[in-house]
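# A structural walkthrough
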Amino acid sequence: MSDSDEEHTMLAIATAFANDDDDDVLAAVQAAQQVGDLLAHADEAAEINPRPGSYPGKAPNKNRGFLLGETAHLRDYFGLNGQPPIYDEVDFERRFRVPRVVFDRLYRAALCEPYFQQRVNATGEPQSSTLVKVSAALRVLAYGEATDRVDEYVRLSESTVNETVHRFSRFVIDKFKPVYLRPPTRADLQRVMKAYEDAGFPGCMGCVDCSHWEWASCPVAQHGQYQGKSGKRTIVMETVADMDLYLWHFFIGMPGAMNDLNVMAFSPLFQSMIAGAFPPPITYTVNGVERTLPYFLCDGIYPEHAVLMDTSKGDEEKEKFFASRQEGRRKDAERVYAVLYTEWQILARPSHFRDVETMKDVGTCCAILHNMIVVHRRKEQHAQSPST
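What you are looking at is a predicted structure, and each value in this text was computed from that prediction instead of being measured.

The rules behind the values
Residues numbered from 1 in each chain as written. Predicted model: local features only at pLDDT ≥ 70, side-chain atom pairs only at ≥ 80, totals over all residues. Heavy atoms only, no water. Core = buried A, V, L, I, M, F, W, Y, C linked by side-chain atoms within 4.5 Å. Buried < 20%, exposed > 50% of the residue type's maximum accessible area, 1.4 Å probe, protein only. Helix = DSSP H or I, 4+ residues; strand = E, 2+ residues; numbered from the N terminus. Contact = heavy atoms within 4.5 Å. Bend = angle between axes of the 7 residues up to and from the residue. Expected span 1.5 Å × (residues − 1). Arc of directions from axis to C-beta. Salt bridge = Lys/Arg side-chain N within 4 Å of Asp/Glu carboxyl O. pLDDT = per-residue confidence, 0-100. Pairing = 2+ DSSP bridges.

Moving on to the nonpolar core. Residues Leu141, Phe168, Trp213, Trp344 and Leu369 are the most contacted members of the largest nonpolar core, which totals 94 residues. At twelve residues, the largest contribution of residues to this core is made by helix H15 (residues 356-384). Here leucine 141 is in contact with Val165, Phe168, Trp344, Gln345, Ile346, Val362, Cys365, Cys366 and Leu369, once residues within four sequence places are set aside.

Here it is in C-alpha cells:
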C-alpha cells in the first residue's frame, strides 16, 4: 500500500471517529479495512505476475482472422456461396469421427452454451464462432494431437483450443450423459440378454474389462501411485460393453498401480451389485434350469461371484469347449477398447493434461460420443432392414 493510500485510509477513520454515531464509525472502519485488503491482494498479484494483461513489452495478439477459419470449414464440409462442399460424407466422418447428424446435434446444443457462442471483442471485431470451437475440440479428441497443431486451420491459439477441449468435454458430459451413459433399464437388459442368448450365452448382460491410459504429465510426487507393472504412469478405465459395443458402464480415474480386481472394489457398478440394487431379477433358462440373476462375462482375474462368469479351467472336453466360447465372446470388452482408441486417439496416446479430473472428463466425453455413434448406426441399420 502506498503512502497516499494510507493517508486516505487514516482520513476516513479519523472522520468517522469525529462523528458521534457508532454505526458510522463501524462502517467507516470496515470500509477502510476492505480497501486495505484489496490493495494488499493487488500487491500480491503484482508480485506473482508483475506484467499482467496488455502491457508494453508483451507479445502482441496475432491477427488470426477468425472469419477465415469459419469460412474454411463452411467451404470444405458444408458448402459456401452455392457451391457443394469439397469433402463428402465419408471424409467428414473420418476427420471428425462422428456422422454429420451427430455433429449437427452437438453444434446445435453448443449454440446455447455461453462459452461457445460467438462474441464481439472490445474493438468491435467478431471472435471465433461456435462451429470453429466445436470442430477444434473434435479434432483434438479424434487425432490426439497437440492443441497448437489445429491453429493453422481453426485460427485459435493454443490456450484457447486447450480451454475449448476442457469446456467441450464438460459440456458433453452435462448435456448427454443422462441419455447416453446411463444405467440400463429392464427393457435394455432384456434386449441385450436376448442378443447374447442367440449367441449361446443366455442371461449375459455384457462383458467387463479394464484398460489403461498413459499419463505423461504425472507429477513426480505421484509416480509411485500411478505407475503400473509396465513402468508407465497410467489411469484405469473400466467398461461394460454389449455385442453392439455400446458402453453401459464407464468408470475412469483409478491409479494405474491398481489391477482390475482393485478397481472393482471402487467401481460404482460393483458397489450397486453388492448392495443388491443392480441388476434387477430377470428370468432366463439355462439347461432347463430357470434363473433370475443375470451375469457379466469376465477374465480370470475377477473373483468368483454370482454375477461374474469367467473362463473354465477344467481339462474335460466340455469345459475346454466352454472356455473357448467364453473367451471368444468376451472379446467384446476388448473390441470396444480397440474401437475407442481408433475413434478417439487421444485415449491411445500419452496424456499431457495436468490433473486427473481433466483426464476423467475427456475420457468420459469420448465414451459418450462413442455411444452416440453406436446409437446412430443402430438406427441406420434398423431403417435399412427389410422388415421396416
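This brings us to unusual backbone geometry. Here phenylalanine 278 and proline 279 are connected by a cis peptide whose omega angle stands at -5°. Here proline 279 is to be found in the loop between helix H12 (268-275) and strand S4 (284-286). Of note in this structure, asparagine 81 is not a glycine but carries a positive phi near 55°. You can see asparagine 81 is positioned in the loop between helix H3 (66-78) and helix H4 (89-96).

If you look at helix H8 (residues 158-180), its biggest bend is around 40°, right at aspartate 174, and the proline proline 178 turns up within four residues after that. Looking at the packing, one finds that the buried side of H8 touches helix H5 (100-110), helix H6 (130-143), strand S3 (247-255) and H15.

Here the focus is helix H9 (residues 186-198). Every α-helical turn comprises 3.6 residues, leaving residues that sit three or four positions apart pointing alike. Its 13 residues give H9 an end-to-end C-alpha distance of 18 Å, which sits within 8% of 18 Å, the value for a rise of 1.5 Å per residue. Along H9, the positions that sit buried rather than exposed are Asp188, Leu189, Val192, Met193 and Tyr196. Around the axis of H9, the buried residues are gathered within 125° of arc, so they sit on the same side. Structural note: H9 exposes Ala187 and Asp198 on the side pointing more than 90 degrees away from its buried face. Buried residues in H9 make contact with strand S1 (204-214), strand S2 (234-241), S3, S4, helix H13 (317-329) and helix H14 (331-343). Phi turns positive one or two residues past the end of H9, at glycine 200, with a value near 100°.

Counting across every chain of the model gives 15 salt bridges. In this structure, arginine 170 and aspartate 174 form a salt bridge, with 3.1 Å as the shortest nitrogen-oxygen distance. Placement of both arginine 170 and aspartate 174 in helix H8 is noted, with a separation of four residues, approximately one turn of the helix. For arginine 329, the salt bridge is made with aspartate 332, and the minimal N-O distance between the two is 3.1 Å. Each member of the pair, arginine 329 together with aspartate 332, is buried. Salt bridges here are not isolated pairs; linked through shared partners, they connect Arg170, Asp174 and Asp361.

Turning next to the confidence of the model for the protein. Across the protein, the average pLDDT comes to 84, with 84% of residues at 70 or higher. Confidence drops under pLDDT 50 across residues 9-20; counting only partners more than four residues distant or on other chains, this segment forms eleven contacts.

Here we take up the pairing of S3. Among the nine residues that make up S3, nine are buried, leaving the element largely enclosed by the rest of the structure. Pairing between S2 and S3: seven bridges, direction antiparallel. Following the sheet pairing, valine 236 is matched in S3 by methionine 254. Between the antiparallel neighbours S2 and S3 lie five residues, among them leucine 245 with a positive phi of about 65°.

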